[in-house]
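Listed below are the residues making up each chain.
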Amino acid sequence: MIAWLTGTTLGKFIVTFFISMVPVVELRLGLPYGIALGLPYFTALTAAILGNMVPVPFIIIYIKRIFAWLRRHWAALDGFITRLERRAEGKGEAVEKYGTWGLLILVAIPLPGTGAWTGALVAALLNLKVRKAFPVIFVGVCIAAAIMTGLTYGAIKLF
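All right, on to helix H5 (residues 55–73) then. Between its terminal C-alpha atoms H5 stretches only 23 Å, short of the 27 Å expected from 19 residues at 1.5 Å a residue. Within H5, the axis deviates most sharply at Tyr 62, by approximately 60 degrees. Within the sequence span of H5, burial applies to Pro 55, Val 56, Ile 59, Ile 60, Ile 63, Phe 67 and Leu 70.

So this is what it looks like as structure tokens:
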């Protein structure tokens, strides 16, 4: 099915969009993958940023309720959820200390354990409103996209 999807520009856009929605890999994989598929840079960039940003408001608004529901219905997930919360709280200390600059840096650095999903989780645990956190996360995602673009094209030049 992926081969069928990646045969058209729309299909490549959709695959890039959905890869960029996946936690952990986000646009760090989505953008290079879209470029590797042959999408024009601006198209791959648009798909990756949009895909990365779609989950953000839902995470900020609903993640606490989702965690509570999962703990109630699947007690076995409690340890996993607690670890996620602790990791986010650890990253949240920098956000509390540096404010929106801390959140921006957390999202902008394209390393594992950072990115839009982590930023949105930290924002939710710190009770930041969507209207305050979303623009900061968006700018961070754009910075991460610029870094990934440089790394992607740098790697292409090397090989």
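Here the narrative resumes, following the displayed structure.
Quick look at empty space enclosed by the protein now. Rolled over the atoms, a probe with the dimensions of a water molecule shows which regions are left empty. Applying the stated rule across the entire model yields one cavity of 30 Å³ or more. When its volume is computed, the largest cavity comes out at roughly 40 Å³. Glu 26, Leu 27, Arg 28, Asn 52, Val 107, Pro 110, Gly 115, Ala 116 and Ala 144 are the residues that line the largest cavity. Per element, the largest residue contribution to the lining of the largest cavity is three residues, and it comes from helix H3 (residues 26–36). Considered class by class, the residues forming the lining of the largest cavity number five nonpolar, two polar and two charged.

What follows deals with unusual backbone geometry. Even without glycine at this site, Glu 26 takes up a positive phi of about 40 degrees. Tracing the backbone through its elements, the reader meets Glu 26 in helix H3. Residue Glu 26 is classed as buried on the basis of its relative accessible area, which comes to 2%.

It is worth spelling out the pattern of salt bridges at this point. Close approach of charged atoms allows side chains of opposite charge to pair. Counted under the stated rule, the structure contains two salt bridges. The closest approach of N and O atoms between Asp 78 and Arg 71, which form a salt bridge, is 2.6 Å. Residue classification places Asp 78 among the partly exposed positions, given a relative accessible area of 33%. Among the salt bridges present, the one from Arg 71 reaches Glu 85, with a minimum N-O distance of 2.7 Å. With Arg 71 in helix H5 and Glu 85 in helix H6 (residues 78–98), this residue pair connects regions lying 14 residues apart in the sequence. By relative accessible area, which is 25% here, Arg 71 ends up partly exposed. A network of salt bridges, in which partner residues are shared, links Arg 71, Asp 78 and Glu 85.

At their nearest, the axes of helix H2 (residues 9–21) and helix H4 (residues 41–53) sit 7 Å apart, and the two run at 40 degrees to each other. Here H2 runs over H4; the crossing is right-handed. Judged by residue contacts, Phe 13, Thr 16, Phe 17, Ser 20 and Met 21 of H2 engage Thr 43, Ala 44, Thr 46, Ala 47, Ala 48, Leu 50, Gly 51 and Asn 52 from H4. Looking at the contact of H2 with H4 residue by residue, the classes come out as seven nonpolar, six polar and no charged.

Here we come to the nonpolar core. Counting 35 residues, the largest nonpolar core has Leu 27, Leu 31, Leu 103, Ile 137 and Val 141 as its most contacted members. Broken down by secondary-structure element, the contributors of at least two residues to this core are H3, H4, H5, H6, helix H7 (100–108), helix H8 (116–125) and helix H9 (130–158). Per-element tally for this core: the top contributor is H9, with seven residues. In this structure, Leu 31 is in contact with Ser 20, Ala 44, Leu 45, Ala 48, Ala 145, Met 148 and Thr 149, ignoring residues within four places of it in sequence.

Time to look at the layout of surface pockets. Approximately 490 Å³ is the volume found for the largest pocket. Pro 23, Leu 84, Trp 117, Thr 118 and Leu 121 are the residues nearest the centre of the largest pocket, which is lined by 22 residues in total. Put simply, the parts of the chain that give the lining of the largest pocket at least two residues each are H3, H5, H6 and H8. Taken together, the residues that form the lining of the largest pocket break down as 15 nonpolar, three polar and four charged.

About the cut-offs
Residues numbered from 1 in each chain as written. Predicted model: local features only at pLDDT ≥ 70, side-chain atom pairs only at ≥ 80, totals over all residues. Heavy atoms only, no water. Helix = DSSP H or I, 4+ residues; strand = E, 2+ residues; numbered from the N terminus. Expected span 1.5 Å × (residues − 1). Bend = angle between axes of the 7 residues up to and from the residue. Buried < 20%, exposed > 50% of the residue type's maximum accessible area, 1.4 Å probe, protein only. 1 Å grid on protein atoms, 1.4 Å probe; cavity = no way out; pocket = protein on both sides within 12 Å on 5 of 7 lines; lining within 4 Å. Points joined across faces, edges and corners; volume = space filled by probe spheres on them. Nonpolar A, V, L, I, M, F, W, Y, C, P; charged D, E, K, R; others polar. Salt bridge = Lys/Arg side-chain N within 4 Å of Asp/Glu carboxyl O. Axes fitted to C-alpha atoms, helices over the stretch in contact; angles between N-to-C directions. Left-handed = near helix turned anticlockwise from the far one by under 90°. Contact = heavy atoms within 4.5 Å. Core = buried A, V, L, I, M, F, W, Y, C linked by side-chain atoms within 4.5 Å.

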